[in-house]
Amino acid sequence: MNASVVIAVVAALANFLQGWDNATMAGVMIHIKTEFRWEDKPTMQGLATASPLIGATLITLCSGGISAWMGRRPILMLSSAFYFVSGLLMLWSPNVFLLLFARLLDGFGIGLAITFVPMYISEMAPPEVRGLLSTLPQLTYTTGFFLAYSFVFFMSLINSSSWRLMLGLLLAPSFILFVLMLFYLPESPRWLLSKGRMLEAKQALQILRGKDDVSSEMALLVEGLEVGGQTTIEQYVIGPSSELVDEEDQHPGKEEIKLLDSEGLSSMVGLRVSEESFVGPASRHASIVQNTFSVDPVVALMENVQEKLSESGSKGSMVLPNFGSMFSESYRPKNEESDESESERDDDYESGAASESDDNLQSPLISRQTTSMGNTGQPISQKSMSKMNQDESVLPSSVSIGSGWQLAWKWKGEDGPDGMKRGNFKRLYLHEAGGTSGLWGGDSVDGEFTKAAALVSQSAFLSTKQVMDKHGSVEGVVVHPSSAAVGGPRLSDLLEPGVKHALFVGMGIEMLQQLLGINAVLLYTPQILEQAGVQVLLANLGISSESTSLLISAIMNMLMLPCVVIAMRLMDVSGRRSLLLSTNPVLTASLITLVLASILDVGKTVKAIVCTVSVISYGCFFSMGFGPIPSILCSEIFPTKVRGICIPICALTYWVFNILVTYTLPILLSSIGLPGVFSIFALASLFSWAFVFFKVPETKGMPIEVIVEFFSVGANAMQNTN
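Okay, so let's go over this structure. (Residues numbered from 1 in each chain as written. Predicted model: local features only at pLDDT ≥ 70, side-chain atom pairs only at ≥ 80, totals over all residues. Heavy atoms only, no water.)

Looking only at helices and strands, one finds 30 helices and seven strands in the protein chain. Across the protein chain, every contact between residues at least 6 apart in sequence was considered, and the portion connecting residues at least 24 apart equals 78%. Carbon and sulfur atoms make up 61% of the accessible area of the protein chain, which amounts to about 26800 Å² in all. (Helix = DSSP H or I, 4+ residues; strand = E, 2+ residues; numbered from the N terminus. Contact = heavy atoms within 4.5 Å. Areas by Shrake-Rupley, 256 points an atom, 1.4 Å probe, with all protein chains shown as cover.)

The structure is reproduced here in structure tokens:
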């Protein structure tokens, strides 16, 4: 946990540079206008401000492929390098052309940071604190904004117009950041797994979690490599194996899953009690989708699950404990020859001799190791495989994946032409469902039993046919992820219903974030407040209009800092969706107040006070909701295989609308004035609340792989009900 926090802080410092640069540019624009005589050229003002946005858009266009090739860590280091070079050029800037070029390079750094810092942190953070750590970029961004505005304010008091020095200071923190990233940032385990580099992924996880036994999370991350497939919801009664035997005899033919403890013993049994599919036309699930057609089925489903998580405190259940590692000790081959060969494989793996073959998926996914944490992951023996062939529903084992969720497996087989039974693993994301009603729930079961619901879909692991084709035998073979799971993203992956649905949500919320006008407001706050006449507030202090607007901007960003801290605390408690829905009305009210104060004759002092309070409240509540949450959501809703493509697509939407708003704001201010501009933002705020209510699900506390599965379920439901 401590390692995850340190790594997240270092990565988030890239957003500190963005905040520093944006605020500095907003503060020195007055001096740049004077030197280059842009007072009557709003187009040039917009171009100078939008140059970084253009650079960010250009780099985002190709960042997906670069990330897939280089990895997350080199991308973040490249971002700090762009910051450094642009700071050096801005410190020089002999003419407007070099200034615009430097701002373009600065945009390259900003674009990479905006896109990949949230992705990197979400891939490193445990689910229970992912929201908190993913809010760090917003905190560092606001801190950089506040410090830069304070610096520019003090420079204005001494009548210094050295805007080159103010912009060029960026090179010092960017160099420090590059050094920190070089020594403290590991590569993302998810990216390493997507490239088949299992050993390196395991080592990175051990550093992040501070423990040797990471087999459970390794299994979860491998399952997350799979994209698409049909996902169903199944229900089970979970209880002691001895107590459920009689129940199974009374209902022959029902599927049974066995949950194993750390000793490999079947202490708990799950008996399937229904044949429901979320997309089944006769199921309860389909009727709920039809009755709530205006609310996205993903929202309805995940809201129901979150209610259950709240009831259990996200701690899981006493009925569903941690049942141990993915492949338990009981599945080891028992003959001496197998023991000897397995020992040789493990020695090679631990000594690093398998590092070369690791890249080609020849080394074990989870090797056996003897540590203080006990024995973990074992190969599947011929005996256990034969047992699977006898019972289609026997699980290899199950593992806890956080927040009360269990990752389990069951076997689905059929007779082949040669008479041998072959098939595939099915993965189950299992969670206790008793005690809630509706889509995910059901009636609680008395005594030592409970109902549990499972998201069931195709596993990313090899089927027996694939194992036979690859090794000629299943005896002593370690289960690997399939080659399809670790291959690069394909166009068909982007066309999967769950991925398309997640793209719609991600692109929509990124677009609305910009249409709310936050970046335009922050960049042009000094000019907006100057138009509102804020100089009357501090006239007795002898401070100029320019210095007054800079001071109020600095105060606003200072007040935003505790708001971001509050958001960090609430992100994993109240949740992302709740914060968006509760803060958005304040944004709308602030924007409407700005419009009314601008068009009504309320006196200079009252107008200045109202506009100042409205701008500050807008910035504070934005920093709690629509500031950090869109990037957090986009980093949580895509499968590992397509994250490097889909998240840049969402970021591209962010930059396109950022450019649109930022470039047109000076023109709009000069044509329709401040009331017209903020009227547009107020309408966008009303629409954004509706979009969140109907389309944005709650993701707090859930593993990313489970969130992805919910999107697949909901998208298939929508597809089948249309």
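Next, the rest of the story.
Moving on to the pattern of salt bridges. Under the definition given, this model contains 15 salt bridges. For Arg427, the salt bridge goes to Glu223, with nearest N and O atoms at 2.8 Å. Here the residue Arg427 occupies a position in strand E6 (residues 421-432), and Glu223 occupies one in helix H11 (residues 215-223), the gap between them amounting to 204 residues. Comparing Arg427 with Glu223, the two get one shared label, buried. Linked through salt bridges whose partners overlap, the residues forming this network are Arg130, Asp572, Arg576 and Glu636. (Salt bridge = Lys/Arg side-chain N within 4 Å of Asp/Glu carboxyl O. Buried < 20%, exposed > 50% of the residue type's maximum accessible area, 1.4 Å probe, protein only.)

Here the focus is the packing of helix H1 (residues 2-36) against helix H4 (residues 96-124). Taken N-terminus to C-terminus, the directions of H1 and H4 make an angle of 155°; their axes are 10 Å apart at the nearest point. Taken together, the axes of H1 and H4 are roughly antiparallel relative to one another. As H1 packs across H4, the resulting crossing turns out to be left-handed. (Axes fitted to C-alpha atoms, helices over the stretch in contact; angles between N-to-C directions. Parallel < 35°, antiparallel > 145°, perpendicular 65-115°, else oblique. Left-handed = near helix turned anticlockwise from the far one by under 90°.)

The final tally for this structure, using the stated rule, is six cavities of 30 Å³ or more. In this structure, the largest cavity occupies an estimated 330 Å³ of space. Lining of the largest cavity is provided by 21 residues; of these, Ile114, Gln138, Gln513, Gly627 and Tyr654 occupy positions nearest its centre. Put simply, the parts of the chain that give the lining of the largest cavity at least two residues each are H1, H4, helix H6 (136-157), helix H21 (497-515) and helix H22 (518-523). (1 Å grid on protein atoms, 1.4 Å probe; cavity = no way out; pocket = protein on both sides within 12 Å on 5 of 7 lines; lining within 4 Å. Points joined across faces, edges and corners; volume = space filled by probe spheres on them.)

Turning our attention to the pairing of strand E7 (residues 450-458). Burial analysis of E7 places seven of its nine residues in the buried class, which makes it a mostly covered element. Examined bridge by bridge, strand E1 (residues 232-240) and E7 share seven bridges and lie antiparallel to one another. What sits directly across from Gln235, in E7, is Ala453. (Pairing = 2+ DSSP bridges.)

Relative to the 46 Å expected for 32 residues at 1.5 Å per residue, helix H28 (residues 640-671) spans 46 Å between its end C-alpha atoms, a close match to the ideal helical length. Of all bends in H28, the biggest is about 45°, found at Leu665, and the proline Pro666 comes one to four residues later. A positive backbone phi angle near 80° is found at Gly673, which sits one or two residues after H28. (Expected span 1.5 Å × (residues − 1). Bend = angle between axes of the 7 residues up to and from the residue.)

This part covers unusual backbone geometry. One non-glycine residue, Ser93, lies in positive phi territory at about 35°. On the basis of relative accessible area, Ser93 is assigned to the buried category, the value being 0%.

Another aspect to go through is the environment of Glu432. By the secondary structure assignment, Glu432 is in strand E6. When its relative accessible area of 15% is taken as the criterion, Glu432 is described as buried. Distance from Glu432 to Gln406, taken between C-alpha atoms, is 9.3 Å for residues 26 residues apart in sequence.

The quantities given are spatial measurements derived from coordinates; they are silent on function.
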